[in-house]
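# Structure at a glance
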Amino acid sequence: MEIKRRDFLKLTAAAGAVATVGLPKLNAFAAGHMPKAGEAPKGEWVASTCQGCTAWCPVEFYVQEGRIVKVRGNQLSKANSGFVCPRGHLMIQQTYDPDRIKVPMKRTNPAKGKGIDPKFVPISWDEALELVADKMIALRKTGHPEKLTYIRGRYSPTSQALLYGALTKIYGTGNAFSHSAICAEAEKMGPGYTQGFFGYRDYDFAKMKCLVAWGCDPLSSNRQVPNTINKLGDIFDRGSVITVDPRLSSIAAKSNEWLPIKPGTDGALAGAIAHVLLTEGLWSKEFVGDFKDGKNLFKTGATVDEAAFAEKQTHGIVKYWNIELKDKTPAWAAKITLIPADQIVKVARTMGKAGSACAVYMGPGVAMTPRGTYASMSVYALNGILGSIETEGGVFQSSGAPTTSFPKFDAFIDDVAKKGAKGKKLDGRGAKNMPAIMGGYNHEEKDKDGKVTKAASAKANVVTNGVADGLLKDPGACEIMLSSWTNFNFSCTGADRWDKAMAKVPFFVHMVTNASEMTQFADVVLPSTFAPTEKLSVVTNMANLHGHMSIQQPVAKALWQVKAEETDVVWLLAEKLKAKGFPNLYDYYASFEDPETKKKPANAAEFAEIAAKISSQKAWNGKEKMKGDQISGWADFKKKGIYNTETYKYKKNWGKFKTDTKKFEFYSETLKKTLELFAAKNKMSIDEVLKGSGYEAQGELVFVPHYESPKRHGSEKEYPFTFIDHKSRLNREGRSANTVWYHEFKKVDVGDVSWDDVAKINPVDAQKLGIKDGDAIRLTSTIATITCTARLWEGVRPGTVAKCYGQGHWAYGRVAAKEYGKKARGGNNNELMPSDFDRLSGATARNGGFTGVKIEKA
Amino acid sequence: MATQETVLTAREDAYRLLAACYYSPTSALLEEDCCNILATLLKLLAPEAAEQASAATKVLSKSTIEEQLVEHTRLFLGPFKLVAAPYGSVWMDEHKHVMGDSTAKVAAFYHACGLQLADDFHELPDHFAVELEFLSYLAFKQREAQTAGDTTEVERLKGLQLEFLHTFLLPWLTPFTDAVINDGEAPFYVALAKCTAAFITADAAALNEATGA
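Computed from a prediction, not measured in an experiment: that's the story for all the values here. (Residues numbered from 1 in each chain as written. Chains lettered and ligands numbered in written order. Predicted model: local features only at pLDDT ≥ 70, side-chain atom pairs only at ≥ 80, totals over all residues.)

The next thing to look at is the overall build of chain B. Counting its secondary structure elements, chain B contains ten helices and one strand. Shown N-terminal to C-terminal, the secondary structure of chain B runs as helices and strands in the order α-α-α-α-α-α-α-β-α-α-α. Against the compact-globule benchmark of 17 Å for 213 residues, chain B has a radius of gyration of 17 Å, which places it among compact chains. Considered along the principal axes of its C-alpha atoms, chain B spans approximately 45 × 40 × 30 Å. Counting across all 213 residues of chain B, residues that qualify as buried make up 54%. Taking as baseline every contact in chain B between residues at least 6 positions apart, the subset at least 24 positions apart corresponds to 64%. (Helix = DSSP H or I, 4+ residues; strand = E, 2+ residues; numbered from the N terminus. Rg over C-alpha atoms; globule rule 2.2 N^0.38 Å. Buried ≥ 20, exposed ≤ 12 C-beta atoms within 10 Å, placed from the backbone. Contact = placed C-beta atoms within 7 Å.)

Taken together, the 51 residues of chain B in the interface contact 52 residues of chain A. Of all elements in the fold, only α1 (4–21), α2 (27–31), α3 (34–45), α5 (65–77), α7 (101–112), β1 (115–117) and α8 (128–148) of chain B reach the threshold of two or more residues within the side of chain B that touches chain A. In terms of residues, the side of chain B that touches chain A owes the most to one element, α8(B), which gives eight residues. Tallied by class, residues from the side of chain B that touches chain A come to 29 nonpolar, eleven polar and eleven charged. Direction of pairing for strand β1 (residues 29–31) of chain A relative to β1(B): antiparallel, over a ladder of three bridges. Among the inter-strand pairings, A:A30 is bridged to a residue of β1(B), identified as B:Q116. (Nonpolar A, V, L, I, M, F, W, Y, C, P; charged D, E, K, R; others polar. Pairing = 2+ DSSP bridges.)

Turning our attention to the sheet that holds strand β23 (residues 507–512) of chain A. Residues and elements named next belong to chain A. Read from one edge to the other, the open sheet built from seven strands follows the order β6-β5-β24-β23-β22-β7-β8, with strand pairing classed as mixed. Two strands bound the open sheet, and with one partner strand each, they are β6 (120–122) and β8 (176–178). Strand-to-strand, the axes of this sheet are offset by a mean angle of 15°, without reference to chain direction. Taken together, the five bridges between strand β7 (residues 148–152) and strand β22 (residues 480–484) define a ladder with parallel strand orientation. In the sheet register, Y150 faces β22, and the bridge partner there is L482. (Axes fitted to C-alpha atoms, helices over the stretch in contact; angles between N-to-C directions.)

This brings us to the confidence of the model for chain B. Reading fine detail from the predicted coordinates is not recommended where pLDDT is low. Counting all residues, the mean pLDDT for chain B is 92, and 98% of those residues have values of 70 or more. Complex prediction metrics read pTM 0.95 and ipTM 0.94. (pLDDT = per-residue confidence, 0-100.)

It is worth spelling out the nonpolar core at this point. Within the largest apolar cluster, 317 residues are counted, with the highest numbers of intra-cluster contacts made by A:V212, A:L269, A:I273, A:Y361, A:L382, B:L38 and B:L42. Both domains that meet at this core, namely domain 1 (186–397) and domain 2 (721–857) of chain A, each give it at least three residues. Apart from residues no more than four positions distant in its own chain, A:L382 is found in contact with A:A270, A:I273, A:A274 and A:V360. If you look at the next biggest cluster of nonpolar residues, it comprises 22 residues, including A:I777, A:L779, A:V801 and A:A802. (Core = buried A, V, L, I, M, F, W, Y, C linked by C-beta atoms within 7 Å. Domains from an automatic or database assignment.)

This part covers the domain arrangement of chain A. All names here are of chain A. As assigned here, chain A comprises domain 1 (186–397) and domain 2 (721–857). Between domain 1 and domain 2, the C-alpha centre-to-centre distance is 29 Å. Listed as interface residues are 23 residues of domain 1 and, on the opposing side, 25 residues of domain 2. Those elements that place two or more of their residues in the side of domain 1 that touches domain 2 are α6 (250–254), α11 (364–367) and α12 (372–386).

What follows is about the pairing of β23(A). Residues and elements named next belong to chain A. Of all six residues in β23, six are buried; the element is thus mostly enclosed. Alternating residues of β23 divide into F507, V509 and M511 and F508, H510 and V512, and every residue in both groups is buried. With five bridges joining them, β22 and β23 adopt parallel strand pairing. Bridging from a neighbouring strand, L482 pairs with V509 of β23.

What follows deals with helix α4 (residues 47–61) of chain B. In an α-helix, one turn spans 3.6 residues, which is why side chains three or four residues apart end up on the same side. Residues and elements named next belong to chain B. Compared with an ideal rise of 1.5 Å per residue, which puts 15 residues at 21 Å, α4 spans 21 Å between its outermost C-alpha atoms and is within 8% of the ideal. Those residues of α4 that fall on the buried side of the exposure criterion are A49, A50, Q52, A53, A56 and L60. Viewed along the axis of α4, the buried residues span an arc of 160°, placing them on a single side of the element. In this structure, α4 carries P47 and S61 as exposed residues pointing more than 90 degrees from its buried face. Those residues of α4 that are buried lie in contact with α2, α3, α5 and α10 (187–211). (Expected span 1.5 Å × (residues − 1). Arc of directions from axis to C-beta.)

Let us now look at the environment of A:G372. All names here are of chain A. Position of G372 among the secondary structure elements: in helix α12. In this structure G372 comes out as buried when scored by C-beta crowding, with 38 C-beta atoms within 10 Å. Considering only alpha carbons, one finds G372 and A186, 186 residues apart in sequence, at a separation of 6.4 Å. Look past the residues within four positions of G372 in its chain and what remains in contact with it is A186, V366, A367, D838, A843 and G848.

Residue and element names in this part refer to chain A. Turning to its location among the elements, R778 is positioned in strand β31 (residues 776–780). We classify R778 as partly exposed; it has 16 C-beta atoms within 10 Å. A C-alpha to C-alpha distance of 8.1 Å links R778 and K854, two positions 76 residues apart in sequence. When residues no more than four places from it in sequence are discounted, the contact partners of R778 are T785, T787, E856 and A858.

With that out of the way, let us pick up the sheet that holds strand β12 (residues 257–259) of chain A. Residues and elements named next belong to chain A. Ordered in space as β12-β11-β10-β16, the four strands form an open sheet in which the pairing is parallel. Strands with a single pairing partner mark the edges of an open sheet, and in this sheet they are β12 and β16 (358–362). For this sheet, the mean angle separating the axes of adjacent strands, direction not counted, is 15°. Two elements, strand β10 (residues 210–214) and strand β11 (residues 240–244), share five bridges in a ladder whose sense is parallel.

On to the confidence of the model for chain A. Here chain A averages 95 in pLDDT, and 98% of its residues register 70 or above. In the model, residues 15–19 of chain A has pLDDT below 50 throughout and makes eight contacts with residues more than four positions away in sequence or in other chains.

Attention now moves to unusual backbone geometry. Omega for the bond connecting B:G78 with B:P79 falls within 30 degrees of zero, at 20°, which places this linkage in the cis form. When you line up the elements, B:P79 lands in the loop between α5 and α6 (88–92). The phi dihedral of A:K119 is positive, around 50°, even though this residue is not glycine. Positionally, A:K119 belongs in the loop between β5 (105–107) and β6.

Residue and element names in this part refer to chain B. Taken N-terminus to C-terminus, the directions of α4 and α10 make an angle of 160°; their axes are 8 Å apart at the nearest point. It follows from the interaxial angle that α4 and α10 lie roughly antiparallel. As for the relative orientation of α4 and α10, their crossing is left-handed in sense. Contact residues: α4 offers E48, A49, Q52, A53, A55, A56, V59 and L60, while α10 offers P187, F188, A191, L192, K194, C195, A198, F199 and A202. Looking at the contact of α4 with α10, its residues break down into 14 nonpolar, one polar and two charged. (Parallel < 35°, antiparallel > 145°, perpendicular 65-115°, else oblique. Left-handed = near helix turned anticlockwise from the far one by under 90°.)

The structure is reproduced here in structure tokens:
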């Protein structure tokens, strides 16, 4: 907001006659027109895409008089059948949050640290991008572009390639980090190393006879909330819903069976259920196969001859039994998991009865633990035993959407960039004690003569939370940091490390909608569009056995001076870099071509639109024979907002799973091969790799799903309570805590209280501690203390304490933080939980009871 | 004794200069001596407000624009908690966010008066400075009608100003200015807030009296 006319500040000249009245001195206003009768603007539904959780729901906004007033699911969406979940409605308050960043800003206080006021002042977009471009040019001139780090939180799956992909690579840095390893990467290890699918699964709720929600609450979070809410009721009519969760979640409250498992012992429970399924002959004969003579030789404690069993779609069921399962009885598991043996048997039989129409819906609670890879494999393997892989009522790999990639940018990468890209990554991936092999291995490459041109190698996945450690270890390795849609000082465990690390970054540019703890350390703040209502991009996802491609577009006039970081901002930055002698990025962006008109972009807005058209063109250009929806053109796509693919075909990947054996591997040859490659590169044995990374397994056990005991920070004597972190149905990628509705409706999280941040304690424990409902309490772990309110609740076991993630902001807006910079509203779980990892995946631990706490009255 | 014409011009200028003071401060504000001029104008319209404008002028003369910019940003722009959100809907509407029902109504009011926000103006219709500018515009229109001898139009415009004040500005004037005053950390803006509250309250009372409302 600026005064454009000096005249606005001057006195009106002496008046007298009509002729000297002059014109009004206006700054904010332009002369409009007198309205005609009946001109009041009509409301309309405008399509876009929610990105409040990982469901990325196609939605519609009702826009009236230029304002968004209502939200619903896109009526054409097959993923959500036209519904949104509770968090979808918060988009209105997020868009219209008065505390949003409105204009670019720069820091005027050079001192950086927690509690130090950055003293931001507004600057123009031009000035902001000049500052950033100058720094980037100067760094490039040193020959070390790898000292630019980019960190992304949420993003658009298409236009991310323009920033995370093109900008970093053309500039010349390999230090581009995604948030994914603090999200749920370890969850992918189960389907990955058994089925060769390192991704998130879909489910056939419509035909499911038994749903086992394990380590997540799909009514609240985890990738298809509206679809689950919509279809859950009918599952009860066809069969059962079982929930395995240490706390009474929304779905647990509705389930036929709730198994309040001792945190971190999921692998033991899965092993015992598998034991029952096998000993009672409840495995899928169609998927797994059978004993050659038809007689079940799976007897407790007995080793089975592998030759006696003929497998069909699987590999290593007998090895799995012999190495891990034969002694894992319900009685054994009961002692570890605290779930009664008879309940384990009952649940296993229910699952077995539903057979391949029983889906084990595994969430991050199983896997995001220090030894989570094996729990993930154990729980997911149940789907293999039941044969519910790609069957009616079963579990599916994700459906893709027919996006088109942007043009390649190899030709725009110069020698400086090539050299920079080879620099060491800050996150520590691939170190001897951090294999981070989520994804398996790269196959060897050969030329046409069969000569090996590239040896096979273990993949190295991002270790997001390791970046802080890398920055602290070698502060000189990062001169410039760019980051979008992030708040790692709040959202990463061991949050205080990020406060220390970010204080050492010399120049930090934060591109976000709202200033937060991480923004405290920014040198330049750029106001970002709130993606669902203001950004133009194309988003893809799947649910309900359909993939989809949906538009994300400005549904009303964007507020203030916000810009989309992945399109508008990178274009404008590229213009600046070009003007300062580095044209490569601009030249790449400017080479894009509108698929309809063949016109090249001349400005940021055109670039954003052309990018969206390129991404989505197959859905609407009429040149491709589409098996899903029929869309007549770009305008039709924008109006409908969605392209739904055809329905997923049952058993689509049977016989061609992307494992070493093409089978579902109970004995993971894929993991074995990957670990062999990793161990050989590091001149270690596989057992040394496992031991060095903190796992218990040695020998053949390494290659099968199995139980590993939970790792715990803090002795039970000093920290007697096991901490359970869980997610809110109102959290929106960490960005909703500043909305009033979040707090007003907080009670929709079972056990929680509106306008408070509570730790849920079993009344038996509370009585021993002399704590009453509503008391202020302190939770202390080995690394920190947080304060919140005690809530006495039978929904957690004695000995555990559950607290929802999302509150405890000390630097945020008027609602989220009690007093900016000074007093948090509630406590942040991530300050309490230490930084630890499931090192095979590189994923951050946040579940599985790895944090011991003590509870005291505050 | 000031002529009616002088009073009308002073009101028009006072609302406009007051609006200017709620923009991010620049050197132009100092160069044009806006606060001092405002103090002079207000002597005629609302002496209590004039004292505060003089106080603000003094603070301004002893500080730098950069210092005031930091304070203005913290109070009205963010990026963290806004000390005094300069948007009517945050104070007036149930949901306490921007672009509320009252924002739509205020935009419709402008529209009905033949105005709309300029395309290159990126603030909201119910921003405090925008509402002040609108009152300046209505005062201008009143002066224009007065000069043309169109008494019917003069009365209509007086009524419009009263309606606007009572519907859109007065409901949040006190809590908004109190937020700045109670923050207490920015002497220039504390004085400005006091000046604003005093002037608008006095002006509304004068308008009430003039229209017999």
